[in-house]
Amino acid sequence: AMTLRARSNDSDALVAALANHYDFLAEMGERAPPPLQVILPALVRAERADAFPALLGHLNDPATPLDVLPMVIDQLVRWGGPEALSPLLAFTRSYRADSVFAADSTALIHAALAVDALGGSAERAELGALLGRAGTHPALVAAITEAAQNRSRAPVVRAEGDAPEQAPPRAEESESSP
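This structure is a prediction, so every number in the text was calculated from the model and none was measured.

Asker: Got a minute to help me understand the packing of aromatic side chains in this structure?
Answerer: A ring pair, where both rings are aromatic, is described by two values, the distance of the centres and the angle of the planes. Per the stated rule, a full pass over the model turns up 3 aromatic pairs. Judged by centre distance (6.0 Å) and plane angle (80°), the ring pair of Phe 91 and Phe 101 falls under edge-to-face. With Phe 91 in helix α6 (residues 85-95) and Phe 101 in the loop between α6 and α7 (106-118), this residue pair connects regions lying 10 residues apart in the sequence. Each member of the pair, Phe 91 together with Phe 101, is buried. Since its relative accessible area comes to 4%, Phe 101 is described here as buried. A network of ring pairs unites the aromatic residues Phe 91, Tyr 95 and Phe 101 as a single cluster.

Written as structure tokens, this is what we have:
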């Protein structure tokens, strides 16, 4: 593992390794998935944003370890930017209630927050629609709700060069004010 972490000079082999996926029916016998927890940091150090397409294939791969998914999602956002939006929204919709994420919803939360940050009103509305769907993980509901509340409190800039001002208070806040 230490050798792979130090191999950022030979990162072409690491990018190529991302193209491999778990295959129990491979001709030469079972093929294990690449060790993403080792390969990904080396690719980050080598600044290999061109690895985005190969890494994207690991987002929905059941062989991708759950503890590595948040790192995969974060790199997809860094390397793909807006290109990562649609796959991350699809990931969030698909796995919002999956029992695999019941104990640890970190990856779902990373994906939803990335959609909130990268997306526009349409994508945020899709996230909001997940809140009312039965089975959506409570931690995911809390993260989406908090992101929406934080966005509503964010400073609003009126015109280029003007100082930001606070967004207008929500209805329930203005009613409780003296």
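Asker: Got a minute to help me understand the confidence of the model for the protein in this structure?
Answerer: The predicted coordinates of low-pLDDT regions are not to be read in fine detail. Scored by pLDDT, the protein has a mean of 81; 72% of the residues are at 70 or more. The low-confidence segment residues 4-8 (pLDDT under 50) makes 13 contacts with residues lying over four places distant or belonging to another chain. Across residues 162-178, confidence stays below pLDDT 50; counting only partners more than four residues off in sequence or on other chains, it has 16 contacts.

Parameters at a glance
Residues numbered from 1 in each chain as written. Predicted model: local features only at pLDDT ≥ 70, side-chain atom pairs only at ≥ 80, totals over all residues. Heavy atoms only, no water. Phe/Tyr/Trp six-rings, centres within 6.5 Å; stacked < 30°, edge-to-face > 60°. Helix = DSSP H or I, 4+ residues; strand = E, 2+ residues; numbered from the N terminus. Buried < 20%, exposed > 50% of the residue type's maximum accessible area, 1.4 Å probe, protein only. pLDDT = per-residue confidence, 0-100. Contact = heavy atoms within 4.5 Å.

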